[in-house]
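# Structure assessment
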Amino acid sequence: MTVATVPASSTEYLHIPVADGSASIAGEIAVIDSCAEPVESDWKAAAWDAGSYKLLIGPGGVLTLTQGTYTAWIRLEAPPESVVRRSGAVRVGP
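All values reported here derive from a predicted model rather than from experimental measurement.

Throughout the structure, instances matching the rule amount to four salt bridges. Measuring nitrogen to oxygen at the nearest pair gives 2.7 Å for the salt bridge that ties Glu28 to Arg75. With Glu28 in strand β3 (residues 26–32) and Arg75 in strand β6 (residues 68–78), this residue pair connects regions lying 47 residues apart in the sequence. Arg75 is paired through a salt bridge with Glu40; the nearest N and O atoms lie 2.9 Å apart.

Note on placement: Gly58 falls in the loop between β5 (52–57) and β6. Along the sequence, Gly58 and Glu40 sit 18 residues apart, while their C-alpha atoms lie 21 Å from each other. In this structure, Gly58 is in contact with Ser10, Thr11, Leu63 and Thr64, ignoring residues within four places of it in sequence.

What follows deals with the side chain of Arg75. Here Arg75 falls in the buried class, since its relative accessible area comes to 10%. A polar atom in the side chain of Arg75 sits 2.9 Å from the side chain of Glu40. Sequence-distant contacts of Arg75, that is, excluding residues within four places in its chain, are made with Ala26, Gly27, Glu28, Glu40, Trp43, Ser82, Val83 and Val84.

Membership of the largest hydrophobic core comes to 19 residues, with the highest contact counts inside it found for Leu14, Ile29, Val31, Tyr53, Ile57 and Leu65. Elements with a minimum of two residues in this core: β2 (12–17), β3, β5, β6 and β7 (81–92). Looking at which element gives the most residues to this core, the answer is β6, with four residues.

The rules behind these values
Residues numbered from 1 in each chain as written. Predicted model: local features only at pLDDT ≥ 70, side-chain atom pairs only at ≥ 80, totals over all residues. Heavy atoms only, no water. Salt bridge = Lys/Arg side-chain N within 4 Å of Asp/Glu carboxyl O. Helix = DSSP H or I, 4+ residues; strand = E, 2+ residues; numbered from the N terminus. Contact = heavy atoms within 4.5 Å. Buried < 20%, exposed > 50% of the residue type's maximum accessible area, 1.4 Å probe, protein only. Polar contact = N/O pair within 3.5 Å; in protein donor to acceptor, adjacent residues only side chain to side chain. Core = buried A, V, L, I, M, F, W, Y, C linked by side-chain atoms within 4.5 Å.

See below:
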């Protein structure tokens, strides 16, 4: 599992690589403060970007996180499948 470290004041894309993804598959990212599976309200629409899905995090982004360590998840909707995978840790802070 990869650990991404981001300063709390930074606004940038969190990228989650997906080997079998594409612009035609709807992707969502959840970043939560536990290892439990995300609940429906945690999921945010992600954009496809040449090999990864991305979500803008930080002040002014889709998701603003305070200092701490979080778990990133990805969900791909390709009916009849709804694939959910834990993708790694995100550390926010100095």
